[in-house]
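These are the residues of each chain, in order.
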Amino acid sequence: QVQLVESGGGLVQPGGSLRLSCKTSRILFRLYDMAWYRQSPGKQRDSVATITSGGTINYSDSAKGRFTISRDNDKETVYLQMDNLKPEDTAVYYCKAVHQSAPYINYWGQGTQVTVSS
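Here we summarise the structure given alongside this text. Remember, it's a predicted structure, so these values are computed and weren't measured experimentally.

## Digging into the sheet that holds strand 7 (residues 67-72)
Logical step 1: Spatial ordering of the open sheet is given by 1-3-8-7, a layout of four strands whose pairing is antiparallel. Strands with a single pairing partner mark the edges of an open sheet, and in this sheet they are strand 1 (3-7) and strand 7. Neighbouring strand axes in the sheet, compared pairwise and without regard to direction, differ in orientation by 15° on average.
Logical step 2: Inspection of the sheet shows strand 3 (residues 18-25) paired to strand 8 (residues 77-82) by six bridges, in the antiparallel sense. Looking across to strand 8, one finds that Leu-18 is bridged to Met-82.

What follows is the structure in structure tokens.
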């Protein structure tokens with residue numbers, strides 16, 4: 001039973017920070033590209049940041065300069081540090097794992113709610 005469990009979401013004021021975590025289990029974490037997605041009501045689910053098994057990082061335009069993705073292979077966990085949060089960052093944030101050489105093997109977490117509001 002593969003699991004990706006996100007945590008760290010919550011309510012924060014504009015300009016604040018949150019650190020999301022995605023703990024995986026029962027996958028060979030080192031072989032997986034990892035990504036954070038987010039989805040707001042009425043909008044499609046979009047990629048926020050990705051980090052490959054080799055450590056290559058990409059950010060969406062909205063995340064660039066404010067968010068930082070990282071991974072800890074020993075802890076089998078991927079993180080998303082979110083700074084200078086804006087109300088438009090409000091969404092459910094999802095973790096995704098994609099096998100580096102077999103992308104049809106992929107898994108989603110259950111999501112964690114991030115609300116940025118005063």
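## Quick notes on the packing of aromatic side chains
Logical step 1: In this structure the tally under the stated criterion is three aromatic pairs.
Logical step 2: Each ring, one from Tyr-37 and one from Trp-108, has its centre 4.9 Å from the other, and the planes form 65°; the classification is edge-to-face. Taken together, the residues span a long stretch of sequence, with Tyr-37 in strand 4 (residues 32-39) and Trp-108 in strand 10 (residues 106-108) at a distance of 71 residues.
Logical step 3: By relative accessible area, Tyr-37 is classed as buried at 18%.

## Let's talk about the environment of Leu-31
Logical step 1: As for its position among the elements, Leu-31 is in the loop between strand 3 and strand 4.
Logical step 2: Sequence spacing of Leu-31 and Asn-73 is 42 residues, and the spatial spacing of their C-alpha atoms is 9.8 Å.
Logical step 3: For Leu-31, the contacting residues outside a window of four places in its chain are Ser-53, Val-98, His-99 and Gln-100.

Criteria and cut-off values
Residues numbered from 1 in each chain as written. Predicted model: local features only at pLDDT ≥ 70, side-chain atom pairs only at ≥ 80, totals over all residues. Heavy atoms only, no water. Pairing = 2+ DSSP bridges. Helix = DSSP H or I, 4+ residues; strand = E, 2+ residues; numbered from the N terminus. Axes fitted to C-alpha atoms, helices over the stretch in contact; angles between N-to-C directions. Phe/Tyr/Trp six-rings, centres within 6.5 Å; stacked < 30°, edge-to-face > 60°. Buried < 20%, exposed > 50% of the residue type's maximum accessible area, 1.4 Å probe, protein only. Contact = heavy atoms within 4.5 Å.

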